[in-house]
Amino acid sequence: MSEEARLTAVADGLFVWCPEGRGTWGLANCGLLVTEAQAVLVDTPYDLPRTRRLLAAAEPVLGPDRSIGTVLLTHSNGDHSYGLPALPGVEVIGTEAYLHALDHEPTPEQMHLLTRGGAPGEATGWYLAKHFGRYDFTGLEIVPPTRVFSGELDLDVDGTPVRLTQAGPAHTDGDLWVHLPEQGVVFAGDLVFAGDHPVHWAGPLASVIDGCERILGTGAEVIVPGHGPLLGPAGLRDYVDYLSWVAERCRVLRLGGIPAQDAALRLIDSGRYPELGLPERLAITVATEYRHLSGDQDTPDLVGLVGAAARIALARAEAAAAL
Ligand SMILES: [Zn+2]
């Protein structure tokens, strides 16, 4: 699959790195703000080779006198932060909750082992190898933020205002989104996915919807999702409708005594949103929503949740192959 990416200007001095990669995991979008004397990166790619590719593409716009001095982390998932060791010495800004969310994240070493494939026919190993086997998880270490905040944080980057707003717990416990009001651009992190079904680990979906509504409330014309192509306000509104549909179906199906995994299958089998890839991710998002509906306070088992999605994906792949 192609994962071609290039640095594209969305406003004067503001760029997005938007890899093509519909139907797979981990190809995150990044942002780069370049001002007179500074440069700020929003998120990093998943591994060092991909991060170095982004940094090489940034060289012409940075020129000889500027380097990236600050990285803003939208959340704690590795596909937005594992590239940090390629940027030694930078200031790293995230939410206070990001630090706690790190406790639930798999380490690069664990990802390396998990994605080398499992036993033949074993769903989780097959799925992880299929979607994460392309990444190089060696030589990585988790770099925590050097500066954290709760609520909102306003930055002044050579006179360019940048507002960070905490949104978590939503996609993860430590989410934030980044608004550049003068450019009319928001980097939404994984509050927003485009092109594929989203996956939400922390929830509830009402919090994700609330974050999206607040983003719409900024009046931004360009919304950079965590994954997939850029959206305008209408596209984000459609995404909110999708989330509302999932939340409402979860509420009704749970009241009807339908277990979470069966509910996920019903949503997939409904055939709604056929244009979105990775329908099996509904297994994770529905399980997250069910956890909130039932008041379950336990820490979610992330690998177990991926296993549930993997079993659905494997069954669908086998059914498609049998046709
Ligand atoms: Zn992501």
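Residues numbered from 1 in each chain as written. Predicted model: local features only at pLDDT ≥ 70, side-chain atom pairs only at ≥ 80, totals over all residues. Heavy atoms only, no water.

(A) Broad picture of the overall build of the protein. In terms of regular secondary structure, the protein is built from nine helices and twelve strands. Computed over its C-alpha atoms, the radius of gyration of the protein comes to 19 Å, within 12% of the 20 Å expected for a compact globule of 323 residues. Across the 323 residues of the protein, 54% fall into the buried class. Relative to all contacts within the protein whose residues are 6 or more apart in sequence, the contacts with residues 24 or more apart total 66%. Of the roughly 13,400 Å² of accessible surface on the protein, a fraction of 52% belongs to carbon and sulfur atoms. (Helix = DSSP H or I, 4+ residues; strand = E, 2+ residues; numbered from the N terminus. Rg over C-alpha atoms; globule rule 2.2 N^0.38 Å. Buried < 20%, exposed > 50% of the residue type's maximum accessible area, 1.4 Å probe, protein only. Contact = heavy atoms within 4.5 Å. Areas by Shrake-Rupley, 256 points an atom, 1.4 Å probe, with all protein chains shown as cover.)

(B) Representation of the coordination of the zinc ion within the structure. Taken together, the protein donors to the zinc ion comprise D79 (OD), H80 (NE2), D190 (OD) and H227 (NE2), at separations of 2.0 to 2.3 Å. The site at the zinc ion holds four donor atoms, and with the angles between them running 87 to 157°, its shape is irregular. Coordination of the zinc ion draws on donor residues from a single chain, spaced D-H-x109-D-x36-H in sequence. Highlighted residues: H80 in the loop between β5 (68-72) and β6 (91-95) and D190 in strand β11 (residues 185-193), separated in sequence by 110 residues. Comparing H80 with D190 shows no difference in burial state: the two are buried. (Donors = N, O, S within 2.8 Å, 3.2 Å for Na, K, Ca; no water. Tetrahedral: all angles 85-135°; square planar, octahedral: opposite > 155°, others 65-115°.)

(C) Examining the packing of helix α8 (residues 282-293) against helix α9 (residues 302-322) more closely. α9 packs onto α8 with a crossing angle of 135° between their chain directions and a minimal axis gap of 8 Å. One element, α8, and the other, α9, form an angle in the oblique class. Where α8 abuts α9, its residues A283, I284, A287 and R291 lie against L305, V306, A308, A309 and I312. Of the residues contributing to the contact of α8 with α9, the split by class is eight nonpolar, no polar and one charged. (Axes fitted to C-alpha atoms, helices over the stretch in contact; angles between N-to-C directions. Parallel < 35°, antiparallel > 145°, perpendicular 65-115°, else oblique. Nonpolar A, V, L, I, M, F, W, Y, C, P; charged D, E, K, R; others polar.)

(D) Expanded view of the packing of aromatic side chains. Here the structure, examined in full by the defined rule, presents 14 aromatic pairs. An angle of 50° between the planes, with centres 4.7 Å apart, marks the rings of Y46 and Y135 as tilted. One end of the pair, Y46, is in the loop between β4 (39-42) and α1 (48-62); the other, Y135, is in the loop between α4 (123-132) and β7 (147-149), and 89 residues separate them in sequence. Judged by relative accessible area, which is 6%, Y46 ranks as buried. Residue Y135 is classed as buried on the basis of its relative accessible area of 2%. Above the plane of the ring of W25 lies R281, whose end atom (NZ or CZ) is 4.6 Å from the centre. (Phe/Tyr/Trp six-rings, centres within 6.5 Å; stacked < 30°, edge-to-face > 60°. Lys NZ or Arg CZ within 6 Å of the ring centre and 35° of its normal.)

(E) The arrangement of the packing of helix α6 (residues 233-255) against helix α7 (residues 260-269) in detail. Two numbers describe how α6 lies on α7: the axes approach to 10 Å, and their chain directions differ by 130°. The angle between α6 and α7 falls in the class oblique. The element α6 and its partner α7 pack so that their crossing is right-handed. On the side of α6, the interface is formed by W245, V246, R249 and L253, while α7 contributes A263, R266 and L267. Each residue belonging to the contact of α6 with α7 can be placed in one class, and the counts come to five nonpolar, no polar and two charged. (Left-handed = near helix turned anticlockwise from the far one by under 90°.)

Any link to function would need more than the numbers given here.
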